[in-house]
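Descriptive analysis of the structure
Letter by letter, the chains look like this.
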Amino acid sequence: MFYGAIVWDPWLIVSQIVCLQCLYYLTLGSFMAILVGTRVSHMSLMYFFDFSTLTASTVTTWCAIVSFLLSSLAGAIYLLYLVERAKKCLDFSATLYIIHLFICIIYGGWPSSITWWVVNVTGFALMSLLGEWLCIRRELQEIPITRLRSNV
């Protein structure tokens, strides 16, 4: 099959979405444990999904904001290895953040904090743009051609 030929494989797409979502939350949890977990006595899902925790008022909430932004940078690297195509990075990033929005709505209601929206839109932009840039760099690399016989 030629590179660029479109093949509709819904199981591949769903598995990529699930894998990307899981890796994003695993990375977010790791950063939250390191940055926020050292400052609070009890970590909970509130720091992941409650919009009221993302304010710029305390050092702990700034650590949560940094955790979200670092996770989006890591997500760009995950896009490089999971999606591998620059034109699909925006779609997968948007899917990840839309799913995150739905989970936040279920957990704590509609996010009414402007800080929550700024952090998530910035994370989405970082993830999609950096992921596209990394994928374009990989797509533009030269393909090494080795000789099968050295005495030809």
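Calculation notes
- Residues numbered from 1 in each chain as written.
- Predicted model: local features only at pLDDT ≥ 70, side-chain atom pairs only at ≥ 80, totals over all residues.
- Heavy atoms only, no water.
- Helix = DSSP H or I, 4+ residues; strand = E, 2+ residues; numbered from the N terminus.
- Buried < 20%, exposed > 50% of the residue type's maximum accessible area, 1.4 Å probe, protein only.
- Salt bridge = Lys/Arg side-chain N within 4 Å of Asp/Glu carboxyl O.
- Expected span 1.5 Å × (residues − 1).

Bringing the overall build of the chain into the picture now. Within the chain, the secondary structure is distributed over 5 helices and 0 strands. Ordered by position from N to C terminus, the α and β elements of the chain give α-α-α-α-α. For the chain, the spread of C-alpha atoms along the three principal axes comes to 70 × 30 × 20 Å. The burial tally for the chain puts 35% of its 152 residues in the buried class.

This brings us to the pattern of salt bridges. On inspection of all chains with the given rule, the structure shows 1 salt bridge. The closest approach of N and O atoms between Arg85 and Glu139, which form a salt bridge, is 3.7 Å. Of this pair, Arg85 sits in the loop between helix H3 (59-82) and helix H4 (86-108) while Glu139 sits in helix H5 (residues 114-139), and the two are 54 residues apart along the sequence.

Further remarks concern H3. Under the 1.5 Å per step criterion, the end-to-end length of H3 is 34 Å for 24 residues, consistent within 8% with the ideal 34 Å. Following H3 by one or two positions, Glu84 adopts a phi angle in the positive range, close to 65°.

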